[in-house]
Amino acid sequence: MAEQGHVRVAVIGSGFGGLGAAVRLRRAGVTDFVVLERADAVGGTWRDNSYPGCACDVPSHLYSFSFAPNPEWPRNFSGQPHIRAYLERVADTFGLRPHLRFNSEVNSARWDGDALHWELETAGGTYTADVVVSATGPLSDPQLPDVPGLDGFPGRVFHSARWDHDYDLRGKRVAMVGTGASAIQIVPAIQPTVGRLTLFQRTPPWVLPRADRKISGAEQWLHSRVPATRALRRGLLWGIRELQVSAFTKRPGQLRVVERVARKHLAKAIKDPGLRAKLTPDYRIGCKRVLLSNSYYPALARPNVELVAAGLREVRGSTLVAADGTETEADAIVFGTGFHVTDLPIAHRVTGARGTTLAEEWKDGMEALRGSAAAGFPNFLTIIGPNTGLGNSSMILMIESQLNYLVDYLRQLDVLGGKVALDAYPSAVHAWSHRVQQRMQRTVWNVGGCQSWYLDARGRNTTVWPGTTSEFRRATREVDLAEYEVLRAPRPARPEPAGAPAAGHGGTAAVGRTGTSAHPTKQSQSANPAKQATEPAAPTGGPQADGPSSETAA
């Protein structure tokens, strides 16, 4: 494999998180970096999700970088082509193309404790890097259920995030499995052209009206000529959502008012009481992701659509069998079954200072200091890490907060000087995670009476942030060195004067907090690091993956 050399920073992924990191690195004067992308273009989840009807469920003027405003958004809720085009423009405007390495999927990243750097093996060659930023995002790897008999299905099978554009659905019998954010966009988009559409629904979602409209040319002109109007629009969108957070995180009972709106929305479109009953959730709104659509319910009322209120149990040839025994014939199966959110595939490829993978360290649940740093993985930061998701606002706000943390992390390394690394104290990570989980206990995601993709296999919510975006911004404004061990490479040996006694162990050693060692020095930044490390700033803020959809941006 070709040796590509050493870089200061290696960024993994070129979605919102990866491109945002690249922009902030350049603005901070760091130009020695690469962005490693497994595909052949930028865009992340907005490149991969190209299914019919794909759009964002967060207003466009809030779903964009503060440092790269777009006055020309065409709609309140823009579609996938416009968002992907926006990311391409970001790459061009900020001169990121020379740093992009396409078709360079990271197969492994391993920490070298002697050299104090990361060794990365990619499809495009090997690299070493002082710092690695993982911006793969939680909505990048589709999750397919293990359905008995699926491998014997004679028709076409694909996930919503891997849409088969070569397959013509016109006139076909199509089964849609799942009722998440992708499905409620796909169903109305394909319903008019398919012969028969069967929707397998384990749990009905709460669906609210979508206040979407075309943004007029006059508005676009005004936002372009008078930037203050654009900032005001963004500020209002942000402020309204900040005020909503307490209902999700502290007073879920207040959400009953929103449920009434959702019930009226359902009753207006679905006149059949039997179908309406199947589509009515039995849990508090907000416990699962709240969906927005004006066309989903009307599509379900069309004569060529059948709702099966049960999951897909097995496949027998071209016959699909639901958990309630319902059987239906299909020519194609589309899975809208989400992503690997709480079991990130990249975690299996990253090996830290203890020789264990991130997945092994996270076997009992993901946790990272301020959503970014995991103990035992020096100089490794995650964008959209554990407990950084949102339930009612834009993930771009959270990404930008983590980018602030990244820039200050690099500044701290420069201030410390020399060959140095930072490794989060386990006590600091656990303290941060404990406080987040304590706040999580009152949230609608934990007490709303549902099972959602926010929860991991142990029922622990490691996905969402239980507070406002402004709280998270304050918590990630700067790196607190009391929460980290400082690792330094051993100094070169000094020549011993003639006749001097031999050094212990017959060689040179770096003396640090842990005593004499041939390994890099671990150096505390406080007289009592263990005590200070258990006192991270109180976590603060609440979540939603506002990606193209499903169960699903970075």
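Criteria and thresholds
- Residues numbered from 1 in each chain as written.
- Predicted model: local features only at pLDDT ≥ 70, side-chain atom pairs only at ≥ 80, totals over all residues.
- Heavy atoms only, no water.
- Helix = DSSP H or I, 4+ residues; strand = E, 2+ residues; numbered from the N terminus.
- Buried < 20%, exposed > 50% of the residue type's maximum accessible area, 1.4 Å probe, protein only.
- Areas by Shrake-Rupley, 256 points an atom, 1.4 Å probe, with all protein chains shown as cover.
- Axes fitted to C-alpha atoms, helices over the stretch in contact; angles between N-to-C directions.
- Parallel < 35°, antiparallel > 145°, perpendicular 65-115°, else oblique.
- Left-handed = near helix turned anticlockwise from the far one by under 90°.
- Contact = heavy atoms within 4.5 Å.
- Nonpolar A, V, L, I, M, F, W, Y, C, P; charged D, E, K, R; others polar.
- Expected span 1.5 Å × (residues − 1).
- Pairing = 2+ DSSP bridges.
- Salt bridge = Lys/Arg side-chain N within 4 Å of Asp/Glu carboxyl O.
- Lys, Arg positive; Asp, Glu negative; His and termini not counted.
- Polar contact = N/O pair within 3.5 Å; in protein donor to acceptor, adjacent residues only side chain to side chain.
- Phe/Tyr/Trp six-rings, centres within 6.5 Å; stacked < 30°, edge-to-face > 60°.
- Lys NZ or Arg CZ within 6 Å of the ring centre and 35° of its normal.
- Disulfide = S-S within 2.5 Å.

(A) View of the overall build of the protein chain. On a plain count of helices and strands, the protein chain comes out with 15 helices and 23 strands. Out of the 554 residues belonging to the protein chain, those deemed buried represent 57%. A total accessible area of about 22600 Å² is found for the protein chain, and carbon and sulfur atoms account for 51% of it.

(B) Quick peek at the packing of helix α1 (residues 16-27) against helix α3 (residues 80-93). One way to put it is that α1 packs onto α3 with a least axis distance of 10 Å and a crossing angle of 20 degrees. With respect to α3, the element α1 is oriented roughly parallel. Where α1 crosses over α3, the handedness of that crossing is left-handed. Within the contact between the two elements, α1 uses Phe16, Leu19 and Val23 and α3 uses Ile83, Tyr86, Leu87 and Val90. Looking at the contact of α1 with α3 residue by residue, the class counts come to seven nonpolar, no polar and no charged.

(C) Spatial organisation of helix α12 (residues 426-440). Here α12 is 15 residues long and its end C-alpha atoms lie 21 Å apart, about the 21 Å a rise of 1.5 Å per residue gives. Buried residues of α12: Ala428, Val429, Ala431, Trp432, Ser433, Val436, Gln437 and Met440, and no others.

(D) Fine view of the sheet that holds strand β12 (residues 305-308). Spatially, the five strands line up as an open sheet ordered β7-β16-β8-β9-β12, and their pairing is parallel. Only two strands of the sheet have a single partner each, and these edge strands are β7 (156-159) and β12. Each neighbouring strand pair of the sheet contributes to a mean axis angle of 15 degrees, computed without reference to strand direction. Its contacts with the sheet put helix α4 (residues 183-190) on β8 (173-177) and β9 (196-200), and the angle it makes with β8 is roughly 165 degrees.

(E) Up close: the environment of Val290. Its location among the elements puts Val290 in the loop between α8 (273-278) and β11 (291-292). Those residues within four positions of Val290 in sequence are excluded, and the remaining contacts are Trp206, Leu208 and Ile285.

(F) Quick look at the pattern of salt bridges. What the rule picks out here adds up to 28 salt bridges. Between Asp48 and Arg47 there is a salt bridge, with the nearest N and O atoms lying 3.0 Å from each other. Residue Arg47 is classed as buried on the basis of its relative accessible area, which comes to 11%. Two residues, Glu88 and Arg97, come together in a salt bridge whose shortest N-O distance is 2.6 Å. Residues participating in the shared-partner salt-bridge network are Arg8, Asp130, Asp414 and Lys419.

(G) Structural detail: the side chain of Arg234. Here Arg234 lies in helix α6 (residues 227-249). Buried charge without a partner: Arg234 forms no salt bridge, and the closest opposite charge is Glu400, 4.1 Å away. In terms of polar contacts, Arg234 uses its side chain to reach the backbone carbonyl oxygen of Ser64, at 2.9 Å. Not counting the four nearest positions on each side in its chain, Arg234 is found in contact with His61, Leu62, Ser64, Phe65, Ser66, Leu397 and Glu400.

(H) Here's a closer look at the sheet that holds strand β13 (residues 312-316). Taken in spatial order, the three strands of this open sheet run β13-β14-β15, and their pairing is antiparallel. Each edge of the open sheet is held by one strand with a lone partner, namely β13 and β15 (327-329). Each adjacent strand pair in this sheet contributes to an overall mean axis angle of 25 degrees, direction not counted. With three bridges joining them, strand β14 (residues 319-322) and β15 adopt antiparallel strand pairing. Bridging from a neighbouring strand, Leu320 pairs with Thr328 of β15.

(I) Fine view of the packing of aromatic side chains. Summed over the entire model, instances satisfying the criterion amount to 17 aromatic pairs. A ring pair is formed by Trp46 and Tyr63, whose centres lie 5.9 Å apart and whose planes are at 70 degrees; its orientation type is edge-to-face. Taken together, the residues Trp46 in helix α2 (residues 45-48) and Tyr63 in the loop between α2 and α3 connect sequence positions 17 residues apart. Taken as a pair, Trp46 and Tyr63 share a single burial class, namely buried. Ring pairing ties together the aromatic residues Phe16, Trp46, Tyr63, Phe65, Phe67, Trp73, Tyr86 and Phe94, which thus form one cluster. For Lys172, the ring lying beneath its charged end belongs to Tyr167, and the centroid distance is 5.3 Å.

(J) View of the state of the cysteines. Under the counting rule described, the total for this entry stands at one disulfide. Disulfide pairing is shown between Cys287 and Cys450; the S-S distance is 2.0 Å. Across the disulfide from Cys287 to Cys450, rotation about the S-S bond amounts to roughly -95 degrees, and the bridge is consequently left-handed. With Cys287 in the loop between α8 and β11 and Cys450 in the loop between α13 (444-447) and α14 (469-475), this residue pair connects regions lying 163 residues apart in the sequence. What makes Cys287 buried here is its relative accessible area of 0%. Between Cys54, a free cysteine, and Cys56, which holds the nearest cysteine sulfur, the sulfur-to-sulfur gap is 8.9 Å. Of the residues examined, Cys56 reaches a relative accessible area of 1% and is grouped as buried.

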